[in-house]
Amino acid sequence: METLEVQTIDKLMSPDNLMTINRVLDLLGTLDRMGILDLVNGALQDEELIGKIMGSIINDNTLSMVTQINNLGSLMKVFMDKEVADDLQYVFKLLSSLKNSGLMDPIIGMLNDPETLGKVLGSIVNDKTLQLIENWNSTLDLVNAVGNALKQEHKPVKSVVDIYRMMKDPEVQNGLGLLFGIIKELGKIAKTK
């Protein structure tokens, strides 16, 4: 037993440990001068306060957290991924911008009002929007075709002969077929209204 005590004293007296012990003693001295040690000592002697502290530390929520610690570890690994962290940072900036612009309150209000939310979702998710999404590539093709046509320089059509020459071009023929198809669909819509 005496050998264990000697080993412990020798270990405490090592230069590294002596520096650490001095720092701890300095810290304790500072805490004592500030009155914090008296405060802690008084708190430790107050059984009612200790009971409240222990009750707030040891409760169903903290025990549940302890049992879920493995899940938290997995979640922390996900958050540690740089791409995920960047994405989260972007989302938080977006939320901050929405809040600062005043848009967040109406959004939250709408989400808390099932009737309004139903109306908004009904206007977004309907046959027409679903059809637009279904034909999205064709719509983009049409927009791109119009954009390309506007960028190019075209000779003016001055006579029926000019139209006749253009009609020999297979792309013009296809375009006119599409154009007449669109005109037909517009006619159907106009007829029902």
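The notes below deal with the structure included here.

Definitions and cut-offs
- Residues numbered from 1 in each chain as written.
- Predicted model: local features only at pLDDT ≥ 70, side-chain atom pairs only at ≥ 80, totals over all residues.
- Heavy atoms only, no water.
- Helix = DSSP H or I, 4+ residues; strand = E, 2+ residues; numbered from the N terminus.
- Rg over C-alpha atoms; globule rule 2.2 N^0.38 Å.
- Buried < 20%, exposed > 50% of the residue type's maximum accessible area, 1.4 Å probe, protein only.
- Areas by Shrake-Rupley, 256 points an atom, 1.4 Å probe, with all protein chains shown as cover.
- Lys, Arg positive; Asp, Glu negative; His and termini not counted.
- Charge placed at Lys NZ, Arg CZ, Asp CG, Glu CD.
- Expected span 1.5 Å × (residues − 1).
- Polar contact = N/O pair within 3.5 Å; in protein donor to acceptor, adjacent residues only side chain to side chain.
- Salt bridge = Lys/Arg side-chain N within 4 Å of Asp/Glu carboxyl O.
- Axes fitted to C-alpha atoms, helices over the stretch in contact; angles between N-to-C directions.
- Parallel < 35°, antiparallel > 145°, perpendicular 65-115°, else oblique.
- Contact = heavy atoms within 4.5 Å.
- Nonpolar A, V, L, I, M, F, W, Y, C, P; charged D, E, K, R; others polar.
- Patch = residues over 30% accessible without salt bridge, like charges linked within 9 Å, V, L, I, M, F, W, Y side chains within 5 Å.

## Notes on the overall build of the protein
So, step 1. Each helix and strand in the protein was counted, giving 13 helices and 0 strands.
So, step 2. Going residue by residue from the N terminus, the α and β elements of the protein occur as α-α-α-α-α-α-α-α-α-α-α-α-α.
So, step 3. Since a compact globule built from 193 residues should have a radius of gyration of about 16 Å, the 38 Å found for the protein marks it as more spread out than a globular shape.
So, step 4. Seen through its C-alpha atoms, the protein measures out along the principal axes to roughly 120 × 45 × 35 Å.
So, step 5. Residues counted as buried form 1% of the 193 residues belonging to the protein.
So, step 6. Carbon and sulfur atoms form 64% of the exposed surface of the protein, whose accessible area is close to 17600 Å².
So, step 7. Put simply, the protein has 19 plus and 26 minus side-chain charges, and the middle of one group is 22 Å from the middle of the other.

## Describing helix H7 (residues 82-101)
So, step 1. Here H7 spans 28 Å end to end across 20 residues, near enough to the 28 Å set by a 1.5 Å rise per residue.
So, step 2. Capping the start of H7, Asp81 holds a side-chain oxygen 3.2 Å from the backbone nitrogen of Glu83, two or three residues further along.
So, step 3. Looking one or two places after H7, you find Gly102, whose phi comes out positive at around 90°.

## Examining the pattern of salt bridges
So, step 1. As enumerated under the stated definition, the model contains 5 salt bridges in all.
So, step 2. Between Lys52 and Glu48 there is a salt bridge, with the nearest N and O atoms lying 3.6 Å from each other. Note that Lys52 and Glu48 are positioned in helix H4 (residues 47-57) at a spacing of 4 residues, about one turn of the helix.
So, step 3. For Lys119, the salt bridge identified is with Glu115, shortest N-O distance 3.6 Å. Placement of both Lys119 and Glu115 in helix H9 (residues 114-124) is noted, with a separation of 4 residues, approximately one turn of the helix. In this pair, the class of Lys119 matches that of Glu115, namely exposed.

## Here's the deal with the packing of helix H8 (residues 104-112) against H9
So, step 1. One way to put it is that H8 packs onto H9 with a least axis distance of 5 Å and a crossing angle of 100°. Considering the angle they form, H8 stands roughly perpendicular to H9. In this structure, H8 contributes Met110, Leu111 and Asn112 to the contact, and H9 contributes Pro114, Thr116, Leu117 and Val120.
So, step 2. Taken together, the residues of the contact of H8 with H9 break down into 5 nonpolar, 2 polar and no charged.

## Quick notes on a nonpolar patch on the surface
So, step 1. Taken together, the side chains of Ile9, Leu12, Met13, Leu18, Ile21, Val24, Leu25, Leu28 and Leu37 present a nonpolar region at the surface, about 740 Å² in accessible area.
So, step 2. The element contributing the most residues to the nonpolar patch is helix H2 (residues 15-33), with 5 residues.
So, step 3. Mapped onto the elements of the fold, Leu28 is located in helix H2.

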